Amino acid sequence: MTTRRQLADVGDEVLALEGVTLWLSGREVLHDVAFSLRAGELTGLIGSNGAGKTTIFRVILGLQAPTAGKVLLSGHPRPRRNRLIGYVPQSIDLDRDVPLRARDLVALGLDGDRFGVPLPSRARRQSVDDMLEAVDAKSFADARVGNLSGGELQRILIAHALISHPRLLLLDEPLANLDIRSEQEVVTLVSRIAKEQRVAVLISAHEMNPLLPVMDRVVYVAAGRAASGSTEEVVREDVLSALYGHHVDVLHLHGRILVVAGKDEGHHVELEKKRTLSQRAIG
Amino acid sequence: MTIVAGLLHHVFEPGFFSSEPVHVAVIVGGVVALVSAVVGVFTVIRGQSFAGHSLGDVGTTGGSGAFLVGANPLWGFAIFTILGAGIMELFAARRPRGRDLATGIVLGGALGIAALFLYLGTTETSTTGATITILFGSMFVIRASTIPVFVTLAMAALAIVGALYRPLLLSTVSSDVAAARGVPVRRVGILFLLAMAIAVSLSCVTIGAILSTALLIGPAAAALRLTKRPGLALAWAALIGLATTWLGILLAYDSFYWPPARRGWPVSFFVVALVFAVYLLADLASRRTRRHHRAAENPGGPDARSSGFEETVVGDSLFGAR
């Protein structure tokens, strides 16, 4: 049914944003955002709430046209209908009663944009089974989507996004509503997938520490501006201070990074404390 | 054998199989039940039950208008539900979050006009029969000559839902995911609203404008309690819709021999009562099986799977006094 796409070469440029600027109702939401994503690499899109992460996603997905600048997929402007991008939304608002098993949702990733009723076929079932296996979701494959836990739903949404063999996988705050154990499982899973399937992965998060062990590159967003590069290149006091437009402290603490960006960003520190405390509660 | 024959004789009162009004009711009722059930499943899972109900009320305006000018009520119902759906969509487009508001405004306006039409119509002919027919339906007075129209409209609605099956499901799960995949979410929604308007207008004629909701939502809601597979949900809804409608027709026919007046009870009453009973049964059945499933899935007790979450809560509460 779907022929397996040739795997991209690791390091191939999959997505490039060039000078993307966006004005929405008289306000500049994104200013000259530029970065690129490569096959097989996991990039973190880091920034506090309201920094512009979701808007960047919407621009990449083609749901929002930029005022200026370009979005290139493998060097070409993005087509309207495409299967090159797999998208995992932060959450889905689905009633418990909706008659959809986890495997049905994964199958919709295969051909959910097509017209007509799908005919059951061995190849279709096989490719859904393979995908469920790849995200360790076999045990709840036949559960109602509305009954899945947060971590289980993330896995199914990832399988849904990956089954059409995209070149780029976008995950919108996948760790936002997860407990720490599921968080680590999802991070490990996504990093494995990036390497195995040679997909470029972009994960947005307001917290970079859970991603530090697996992140190849970082795009740091603040006030609609972005800086990209390796963690060492970007998460520094001079770079982030320039981004925020005022002084920012970057503290390294037992292998974790704390960004203290003035009063309104103080919650970053608090989140860290919470994490440490809850880990202690487990350990 | 004679006992069975005697029983059958009582179940199917004399003349049931040879009566033309019954034939027409069985055909039209079956077609309408099928369409309502299939469209209803998507109406329920997309959370558009209120819009579905309102389209029925908007149909009242069309039905009473048709009565006033002496036209076939089916056309009145069809034209007004489709127009109503279009106006709802126009208002909803201007206010992205105002879908319920738009529906409510159209609903109110339409019912106001219906009140005028019914007043003019009933005072002119000094009969209230039309009001009853429009609001509560009358499957036994449908003319055989209109069967092709019913079937054509029904096929159109089914074709829309069949063609949009996958995009509808995907945009129900997440409109952003669907849009990112290139599904024209808005146009899919408008086409579905058209299918819904057709389904509602057809059931307005059969079981009445007020009761059309029951046939649209009832079988679908019961089906959703019985299965977790989308294809099976459609099949169950269709089966429940057909069974309740046909059984309702049979009971209504038999009720000609019942007290108090020996004039027969309204068929719409039986259909709606049966739909309600089936929903209650399905709900009970699903509660039982779900309890079994939970027990089987979690031998370690109800909270065995959510232990990870518990730990986070512990972390949060430690930090709670900030």
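These figures come from a predicted structure and were not determined experimentally.

### Considering the overall build of chain B
The secondary structure content of chain B amounts to 14 helices and 0 strands. Going from N to C terminus, chain B has its helices and strands arranged as α-α-α-α-α-α-α-α-α-α-α-α-α-α. Going through the 322 residues of chain B one by one, you find that 47% of them count as buried.

### Regarding the sheet that holds strand β5 (residues 76-77) of chain A
Two strands in a sheet stick together by hydrogen bonds in their backbones, pointing the same way (parallel) or opposite ways (antiparallel). Residue and element names in this part refer to chain A. One open sheet accounts for 4 strands, arranged β2-β1-β4-β5; its pairing is antiparallel. Each having just a single partner strand, β2 (27-38) and β5 make up the two edges of the open sheet. Summarising the sheet, strand β4 (residues 68-73) and β5 pair through 2 bridges and their orientation is antiparallel. Bridged to Leu72 within β5 is Pro77.

### Looking at the domain arrangement of chain A
All names here are of chain A. Split into domains, chain A comes out as domain 1 (1-84 + 166-245) and domain 2 (99-163). Computed from C-alpha atoms alone, the centre-to-centre distance between domain 1 and domain 2 is 24 Å. The interface is formed by 14 residues belonging to domain 1 together with 13 residues belonging to domain 2. For the side of domain 1 that touches domain 2, the leading source of residues is helix α5 (residues 180-197), giving 7 residues. Grouping the constituent residues of the side of domain 1 that touches domain 2 by class yields 9 nonpolar, 4 polar and 1 charged.

### Observations concerning helix α2 (residues 102-111) of chain A
A large share of α2(A) lies buried, amounting to 9 of its 10 residues. Those residues of α2(A) that sit buried are Ala102(A), Arg103(A), Asp104(A), Leu105(A), Val106(A), Ala107(A), Leu108(A), Gly109(A) and Leu110(A). Check the buried side of α2(A) and you find it contacts α3 (122-134) and α4 (150-162) of chain A together with α8 (165-173) and α12 (230-254) of chain B.

### Describing unusual backbone geometry
Residue and element names in this part refer to chain A. Notably, Ser74 is not glycine yet its phi reads approximately 50°, a positive angle. Residue position: Ser74 is located in the loop between β4 and β5. If you check the backbone angles, Ala223 has positive phi at about 50° while not being a glycine. Within the element layout of this structure, Ala223 appears in the loop between β9 (217-222) and β10 (225-229).

### Remarks on α3(A)
All names here are of chain A. With 13 residues, α3 ought to run about 18 Å at 1.5 Å a step, and its terminal C-alpha atoms sit 18 Å apart, in line with that. Listing the buried residues of α3 in full gives Ser127, Val128, Met131 and Leu132. The buried residues of α3 occupy an angular sector of 140° when projected down its axis, which confines them to one face. Opposite the packed face of α3, turned more than 90 degrees from it, sit the exposed residues Arg122, Ala123, Arg125, Gln126, Asp130 and Glu133. Buried residues along α3 sit against α2 and α4. Downstream of α3 by one or two residues, Asp136 has phi in the positive range, about 55°.

### Focus: the sheet that holds strand β6 (residues 85-88) of chain A
Residues and elements named next belong to chain A. The 6 strands lie next to each other as β6-β7-β8-β3-β9-β10, forming an open sheet whose pairing is mixed. Strand pairing shows two members of the sheet lacking a second neighbour, β6 and β10, which therefore form its edges. Adjacent strand axes in the sheet meet at a mean angle of 15° when their direction is disregarded. The pairing of strand β3 (residues 42-46) with β9 spans 4 bridges and is classified as parallel. Residue pairing for β9: Leu45 is matched across the bridge by Val219. Seen against the sheet, helix α7 (residues 237-244) touches β9 and β10 and runs at an angle of roughly 35° to β9.

### Digging into the environment of Leu284(B)
All names here are of chain B. Tracing the chain through its elements places Leu284 in helix α13 (residues 267-297). Judged by C-beta crowding, with 10 C-beta atoms within 10 Å, Leu284 ranks as exposed. Considered as a pair, Leu284 and Gly109 are 175 residues apart in the sequence and their alpha carbons are 39 Å apart.

### A word on the packing of α4(A) against α5(A)
All names here are of chain A. At a minimum axis distance of 10 Å, the contact between α4 and α5 shows a crossing angle of 15°. One way to sum up the angle between α4 and α5 is to call them roughly parallel. The way α4 lies across α5 gives a crossing that is right-handed. Residues Gly150, Gly151, Gln154, Arg155, Ile158 and Leu162 of α4 form the contact with α5, whose own contacting residues are Ser182, Glu185, Val186, Leu189, Val190, Ile193 and Gln197.

### So, the nonpolar core
One recurring pattern in soluble globular proteins: nonpolar side chains tend to sit buried together. Counting 177 residues, the largest nonpolar core has Tyr220(A), Val41(B) and Ala237(B) as its most contacted members. No other element matches the 16 residues that helix α2 (residues 20-45) of chain B contributes to this core. The residue makeup of this core includes at least three contributed by each of domain 1 (1-84 + 166-245) and domain 2 (99-163) of chain A. Beyond its immediate sequence surroundings of up to four residues, Ala237(B) is in contact with Ala37(B), Val38(B), Gly40(B), Val41(B), Pro219(B), Ala220(B) and Ala223(B).

### Observations regarding the pairing of β9(A)
Residue and element names in this part refer to chain A. Here β9 lies mainly inside the structure; 5 of its 6 residues are buried. Examined bridge by bridge, β9 and β10 share 5 bridges and lie antiparallel to one another. Bridged to Val221 within β10 is Ala226.

### Focus on the environment of Arg99(B)
With respect to the element layout, Arg99(B) can be found in helix α5 (residues 99-125). Looking at Arg99(B), the number of C-beta atoms within 10 Å reads 19, which means it is partly exposed.

Procedures and definitions
Along every chain, residues carry numbers that run from 1 in the direction the sequence is written. Chain letters and ligand numbers both follow the written order, the letters beginning at A and the numbers at 1. Totals for whole chains, interfaces and linings use all residues, but because this is a predicted model, local features are given only for residues with pLDDT of at least 70 and pairs of side-chain atoms are given and counted only at 80 or more. Put simply, DSSP H or I for four residues or longer makes a helix, DSSP E for two residues or longer makes a strand, and each gets a number counted from the N terminus. For the exposure call, what matters is how many other C-beta atoms sit within 10 Å of a residue's own: 20 or more marks it buried, 12 or fewer exposed, and in between partly exposed, using C-beta atoms placed from the backbone. In this scheme, strands are said to pair when DSSP sees at least two bridges between them. Residue ranges for the domains trace back to a domain assignment, done automatically or taken from a database. Contact definition: two residues whose C-beta atoms, as placed from backbone geometry, lie within 7 Å. All amino acids are sorted into three groups, where Ala, Val, Leu, Ile, Met, Phe, Trp, Tyr, Cys and Pro are nonpolar, Asp, Glu, Lys and Arg are charged, and the leftover types, Gly among them, are polar. The span expected for a helix works out to 1.5 Å for each residue beyond the first. Directions pointing from the helix axis toward each C-beta atom define the arc. To define axes, lines are fitted to C-alpha atoms, for helices over the stretch in contact only, and angles between the resulting N-to-C directions are given on a 0 to 180 degree scale. Working rule for angles: under 35 degrees goes down as roughly parallel, over 145 as roughly antiparallel, 65 to 115 as roughly perpendicular, anything else as oblique. Left-handed is the label given to a crossing in which the near helix is rotated counterclockwise from the far helix by less than a right angle, and right-handed is the label when the rotation is clockwise. For this entry, the nonpolar core is defined as buried Ala, Val, Leu, Ile, Met, Phe, Trp, Tyr and Cys residues connected by C-beta atoms within 7 Å.

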